[in-house]
Amino acid sequence: MPRLVVLTGFLGAGKTTTMLAAGRLLTRRGDRVAVITNDQGSDLVDTRLAREAVPDVAEVTGGCFCCRFDELADLVTDLVDAGRVDTVLAEAVGSCTDLQATVVRPLRAHYGDRLALAPLTTVVDPARVGALDGDLGYLIDRQLAEADLIAVNKSDTLPRAGLDALLHRMRRAHPDADVLGYSAGRGENLDDLVSRWTGAGRRRDVDLEVDYDRYAAAEAQLSWLNQVWQVTADGGFPARRWAHVALDSLSAACARRGDVIGHAKLAVQSPAGLVRMSVVAAGDPPTHEPAGPEEPPVASATVLVNVRATCPPADLETLVRAAAYTADLAVGATARPGPARAFAPSYPRPVHRLPAAPA
């Protein structure tokens, strides 16, 4: 029976890296893997990256899985009915919670005879644990509280003793969840993570208490901006360098303002290939995938920009334009933006919210 793996977790936790690394691992093992990405907007960096990693990719845009449940269900059933997948990896929007009641249980109720549901997995960035308070902290707490499996990513960023201490804290705080540490970027303990999805695993059926007003307030703190930029230079320019300067400038500007970056991602497509860059905390330098030296100059590049940050939508548009201008000056290029409208997500209104089965 095909299996659906739903990944949740706050922005920047590494859900996409986890999904793609797991997809590659499962493919090497002979599984037929499909990926479903999810976002409040469109023009997704994650979708473009997924198409480089697995053959079957779809997306649900314009809202989270719970608010676009019918679209998610249609995509999953199309894949299953066509008989072309063994595993579907579905990455929920990073500002979403209450997925047990609004996604997992409805899928199990309607498609449980055709689809196996893996343990709901909340991906965690160690740097975020306890770092965000108020409504954002509440959102992360709810994501952890409903998890069947808490997957602490980026284990390589902590000393062994620090990782062990964090895992111990997670197990004490969430005794009914399975907890493990791993690094999606380095592939460390990825086998163990995948085995929790394909094995028996822990699956809970409890009702999560969610204050939807606080949930909505947390989402409303974050502005969303997805935009495509065309960058050109008659004499050629270093595309990787342009993107690095732009993202570094945006990161520094948010840090000066005191804004939280949920994530900022760039996908740079040029004749030299595809490069992804990201920042998951204001003030951090960009990371590159793949890493490497600057490629030869190119005459043009298409840059897909996805940013989530705690500033007003109009401010976010201004910050991204300023970052692009800084990069233009640094490399002698001209960036022309496509249409964009930064926005804050609307109040979450799930299509279904099923209670747990009576004990």
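Residues numbered from 1 in each chain as written. Predicted model: local features only at pLDDT ≥ 70, side-chain atom pairs only at ≥ 80, totals over all residues. Heavy atoms only, no water.

(A) Summary view of the nonpolar core. Residues Leu 4, Ile 36, Leu 107 and Ile 150 are the most contacted members of the largest nonpolar core, which totals 55 residues. When sequence neighbours within four positions are dropped, the list of residues in contact with Ile 150 reads Thr 122, Val 124, Leu 144, Met 170, His 174, Ala 177, Asp 178, Val 179 and Leu 180. Core analysis: the second largest hydrophobic core is formed by 38 residues, Val 298, Cys 311, Leu 319 and Val 331 among them. (Core = buried A, V, L, I, M, F, W, Y, C linked by side-chain atoms within 4.5 Å. Buried < 20%, exposed > 50% of the residue type's maximum accessible area, 1.4 Å probe, protein only. Contact = heavy atoms within 4.5 Å.)

(B) Expanded view of the pattern of salt bridges. Applying the stated criterion across every chain yields a total of 20 salt bridges. The shortest N-O distance in the salt bridge between Asp 191 and Arg 29 comes to 2.8 Å. Separated by 162 residues along the polypeptide, Asp 191 in helix α7 (residues 190-198) and Arg 29 in the loop between α1 (15-28) and β2 (33-38) bring together distant segments of the chain. Assessed through its relative accessible area of 46%, Asp 191 is described here as partly exposed. Across the pair Lys 265 and Asp 46 runs a salt bridge whose closest N-O atoms are separated by 2.7 Å. Within this pair, whereas Lys 265 is found in strand β10 (residues 261-270), its partner Asp 46 is found in helix α2 (residues 45-53), the two being separated by 219 residues in sequence. What emerges from the salt-bridge pattern is a single network uniting Asp 178, Asp 192 and Arg 196. (Salt bridge = Lys/Arg side-chain N within 4 Å of Asp/Glu carboxyl O. Helix = DSSP H or I, 4+ residues; strand = E, 2+ residues; numbered from the N terminus.)

(C) The arrangement of helix α3 (residues 69-81) in detail. Compared with the 18 Å implied by 1.5 Å per residue over 13 residues, the 18 Å span of α3 between its first and last C-alpha is a close match. For α3, the full list of buried residues reads Phe 69, Leu 72, Ala 73, Val 76, Thr 77, Leu 79 and Val 80. Relative to the axis of α3, the buried residues are bounded by an arc of 160° and lie together on one face. At its buried positions, α3 is contacted by β1 (3-8), β2, β3 (56-60), β4 (87-91) and α4 (99-111). A positive phi of about 65° marks Gly 83, the residue just after α3. (Expected span 1.5 Å × (residues − 1). Arc of directions from axis to C-beta.)

(D) Geometry of the sheet that holds strand β11 (residues 273-279). Taken in spatial order, the 6 strands line up as β12-β11-β10-β13-β9-β14 in an open sheet, and their pairing is antiparallel. Looking at which strands have only one partner, the edges of the open sheet turn out to be β12 (287-289) and β14 (334-337). Along the sheet, successive strands turn relative to each other by an average axial angle of 20°, direction set aside. Against the sheet, helix α10 (residues 313-331) engages β9 (223-237), β13 (298-309) and β14, with an angle of about 15° to β9. (Pairing = 2+ DSSP bridges. Axes fitted to C-alpha atoms, helices over the stretch in contact; angles between N-to-C directions.)

(E) Examining the packing of helix α9 (residues 239-257) against α10 more closely. Two elements in contact, α9 and α10, have axes separated by 8 Å at closest approach and are oriented at 135°. The orientation of α9 with respect to α10, classified from their angle, is oblique. With respect to the hand of their crossing, α9 and α10 are arranged in right-handed fashion. Packed against α9, whose contacting residues are Arg 241, Trp 242, Val 245, Ala 246, Ser 249, Leu 250, Ala 253, Cys 254 and Arg 257, the element α10 presents Asp 315, Leu 319, Val 320, Ala 323, Ala 324, Thr 326, Ala 327, Asp 328, Ala 330 and Val 331 at the interface. Here the residues of the contact of α9 with α10 are counted per class, giving 13 nonpolar, 2 polar and 4 charged. (Parallel < 35°, antiparallel > 145°, perpendicular 65-115°, else oblique. Left-handed = near helix turned anticlockwise from the far one by under 90°. Nonpolar A, V, L, I, M, F, W, Y, C, P; charged D, E, K, R; others polar.)

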